[in-house]
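What the coordinates show
Given next are the chains, with one letter for each unit.
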Amino acid sequence: MQVITTIKDMNAFSKATKAEGKNIGFAPTMGALHKGHISLIGNSVEQNDVTVVSIFVNPTQFGPTEDFNKYPKDHKGDMKKLSNLDVTAVFLPDVAEIYPKGFSTFVYVGGIGCILCGASRPDHFNGVATIVTKLFNIVMPDRAYFGQKDYQQTVVIKKIVRELAMNIDIVVCPIVREDDGLAMSSRNAYLSDEERNAALILNKALEYGKGLMLSGREEKANHIKEKMGAFIKAESLVTIEYVEIVGPVYLENIKEVKTPAVILLAAKVGTTRLIDNMIVE
Ligand code: AMP
């Protein structure tokens, strides 16, 4: 496994790979790797000649009061996990390599980045779109792998790929959960035992909402959202940011229950912000 830290070397690696007629699968991550990340990498290894993984905690997708400076890091653990997989190269740039002094070019995604998570994280999706575009230009993948865990992110990325005519297939992989249902996330490392236990309410609420949607007894999405909200509020350590039921492609709010749809939620458990979602079809 090659460890590459500069844009120039990463570019050279990708050009040489393509010159050999091999295709490239790419899984961008922010590190502190867990089984969710590993599933993206596993899919890429299966479906491509060469797999590149990036680890870069992207400052432009964090708000000024968010956890950029204390974001979980596990360099040794990450390298060990990656070396057990068939990863060909790891791209590990530092912030100055990606955002040199004077950097000022951004990808703006418009309204899709202002709803749901974007309502409380105003520049988050512009930061995501900018780093993903830059990483795509550097790595030049044929396929790129993202997790359904960040559902809105997958919608935004598919949109920029479509609208900016990037010649890359976006592959969305299912959410990987702990045995008790908690969606895996690097941020779960912030949770105390008590908070981790409280966080289980999020997946349970999604299952509950999905059951209501499929029961045929509820016609109004608002009723389901209210019931889910009341269900979550029983857990005093959890503060809901939003619970929404939306269409799977454009994320428009659904009023009358129909499928396919996605139930999305964000909540603070203690001080840790977690997101989760469930596709209903
Ligand atoms: P992150 O390191 O949190 O930026 O995540 C990197 C990629 O891994 C993103 O495409 C995430 O959606 C994906 N991912 C994170 N957690 C999970 C999970 N529990 N299941 C599936 N994919 C995940």
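Residues numbered from 1 in each chain as written. Predicted model: local features only at pLDDT ≥ 70, side-chain atom pairs only at ≥ 80, totals over all residues. Heavy atoms only, no water.

Structural notes on the overall build of the chain
Going by this rule: To qualify as a helix, a DSSP run of H or I must reach at least 4 residues; to qualify as a strand, a run of E must reach at least 2; elements of each kind are numbered from the N terminus. Between the two quantities, the radius of gyration covers C-alpha atoms and the globule rule is 2.2 Å times the number of residues to the power 0.38. Two residues form a contact once any of their heavy atoms are found within 4.5 Å. Per-residue and other accessible areas follow the Shrake-Rupley method at a 1.4 Å probe size, with only the shown protein chains counted as cover for residues. Charge assignment in this entry is limited to Lys and Arg as positive and Asp and Glu as negative, and neither His nor the chain termini are counted. For this purpose, a charge sits on NZ of Lys, CZ of Arg, CG of Asp or CD of Glu.
Helix and strand counts for the chain stand at nine helices and nine strands. At 19 Å, the chain has a C-alpha radius of gyration in line with the 19 Å of a compact globule built from 281 residues. With the principal axes as the frame, the chain shows a C-alpha extent of 60 × 40 × 40 Å. Within the chain, counting contacts between residues at least 6 apart in sequence, those at least 24 apart form 72% of the total. Of the accessible surface of the chain, which amounts to about 13,600 Å², a share of 51% is contributed by carbon and sulfur atoms. Treating the 32 positive side-chain charges of the chain as one cloud and the 33 negative ones as another, the clouds have centres 2 Å apart.

What to know about the packing of aromatic side chains
Selection rule: Aromatic pairing here means that ring centres of Phe, Tyr or Trp (its six-membered ring) are within 6.5 Å. Orientation follows from the plane angle: under 30 degrees is stacked, over 60 is edge-to-face, and everything else is tilted. In this scheme, Lys NZ or Arg CZ marks a charge over a ring once it lies within 6 Å of the ring centre and within 35 degrees of the ring normal.
Inspection of the entire model under this criterion finds nine aromatic pairs. Arranged with centres 4.8 Å apart and planes meeting at 90°, the rings of Tyr99 and Phe103 form a pair that is edge-to-face. One aromatic cluster in this structure is built from Phe56, Tyr99, Phe103, Phe106 and Tyr108. Of note, Lys70 hangs over the ring of Tyr190, and the distance from its end group to the ring centre comes to 4.3 Å.

Some thoughts on helix α8 (residues 193-215)
The test is simple: For a helix, the expected span equals 1.5 Å multiplied by the number of residues minus one. The classification of residues rests on relative accessible area computed with a 1.4 Å probe and restricted to protein chains. Under 20% of the type maximum is buried, over 50% is exposed, and intermediate values are partly exposed.
Taking 1.5 Å of rise per residue, 23 residues should cover 33 Å, and α8 covers 34 Å from first to last C-alpha, within 8% of that figure. Among all positions in α8, only Glu195, Ala198, Ala199, Leu200, Ile201, Leu202, Asn203, Ala205, Leu206, Gly209, Leu212 and Met213 are buried. At its buried positions, α8 is contacted by α9 (221-233), β7 (238-246), β8 (261-269) and β9 (272-280). Note on α8: the residue one or two positions beyond its end, Gly216, has a positive phi of about 80°.

Considerations on unusual backbone geometry
Pro260 follows Thr259 through a cis peptide bond whose omega is 0°. Mapped onto the fold, Pro260 is located in the loop between β7 and β8. The backbone of Ala32 shows a phi angle near 50°, a positive value even though the residue is not glycine. Relative to the helices and strands, Ala32 resides in the loop between β2 (24-29) and α2 (35-47).

So, empty space enclosed by the protein
Here the idea is plain: a probe the size of a water molecule rolls over the atoms and shows the empty space left. Short version of the rule: The way it works is a 1 Å grid over only the protein atoms, where trapped points that fit a 1.4 Å probe form a cavity and open points with protein on both sides within 12 Å along at least five of seven lines form a pocket, and then any residue with an atom within 4 Å of a point lines it. Grid points are joined across faces, edges and corners, and a volume is the space filled by probe spheres set on the points. Ten residue types, Ala, Val, Leu, Ile, Met, Phe, Trp, Tyr, Cys and Pro, are classed as nonpolar, four, Asp, Glu, Lys and Arg, as charged, and the remainder, Gly among them, as polar. These domain limits were set by an automatic method or by a database of domain assignments.
For the structure shown, the criterion picks out two cavities of 30 Å³ or more. Of the pockets and cavities examined, the largest cavity occupies roughly 850 Å³. Surrounding the largest cavity, 49 residues form its lining, Met30, His37, Lys149, Asp150 and Gln153 being those nearest its centre. Breaking the lining of the largest cavity down by element, the ones donating at least two residues are β2, α2, α6 (124-139), β5 (143-147), α7 (151-163), β8 and β9. Here the element with the most residues in the lining of the largest cavity is α6; it accounts for six residues. Tallied by class, the residues present in the lining of the largest cavity amount to 26 nonpolar, 17 polar and six charged. If you count residues domain by domain, the lining of the largest cavity takes at least three from each of domain 1 (2-173) and domain 2 (186-280).

Section: the domain arrangement of the chain
Quick note on the threshold: Two parts placed together each lose some accessible area; with a 1.4 Å probe, that loss summed over both constitutes the buried area.
You can read the domains of the chain as domain 1 (2-173) and domain 2 (186-280). Domain 1 and domain 2 are separated by 26 Å when their C-alpha centres are compared. With 21 residues of domain 1 at the interface, the matching set in domain 2 holds 18 residues. Roughly 1,700 Å² is buried in total at the junction of domain 1 and domain 2, and carbon and sulfur atoms are behind 55% of that figure. Looking only at domain 1, the three residues that lose the most surface to domain 2 are Leu116, Lys149 and Tyr151, adding up to 35% of its buried area.

Description of the confidence of the model for the chain
In low-pLDDT regions, the fine details of the predicted coordinates are not to be read closely. What counts, and what does not: For every residue, the pLDDT score states the predictor's confidence, bounded by 0 at the bottom and 100 at the top.
Residues at a pLDDT of 70 or more form 100% of the chain, whose mean pLDDT is 98. Averaged pLDDT values over the elements of the chain bottom out at 97 in helix α3 (residues 75-83) and peak at 99 in β5.

Description of the site of the ligand
In plain terms, the rule: We define proximity as follows: a residue is near a molecule or strand when any one of its heavy atoms falls within 4 Å of that partner. Any N or O atom pair separated by 3.5 Å or less is treated as a polar contact, with the protein-specific requirement of one donor-capable and one acceptor-capable atom, and with residues adjacent in sequence counted only for side-chain atom pairs. Any molecule with more than half of its atoms within 2 Å of a cavity's or pocket's grid points is regarded as sitting in that cavity or pocket.
Near the ligand you find 17 residues, and of these Met30, His37, Asp150, Val176 and Met184 are the closest. Met30 places a polar main-chain atom, nitrogen or oxygen, 2.9 Å from an oxygen atom of the ligand. At 2.8 Å from a nitrogen atom of the ligand is found a main-chain nitrogen or oxygen belonging to Met184. When isolated, the ligand has an accessible area of 480 Å², and the protein chains bury 93% of it. Among the detected pockets, the ligand sits in the largest cavity.

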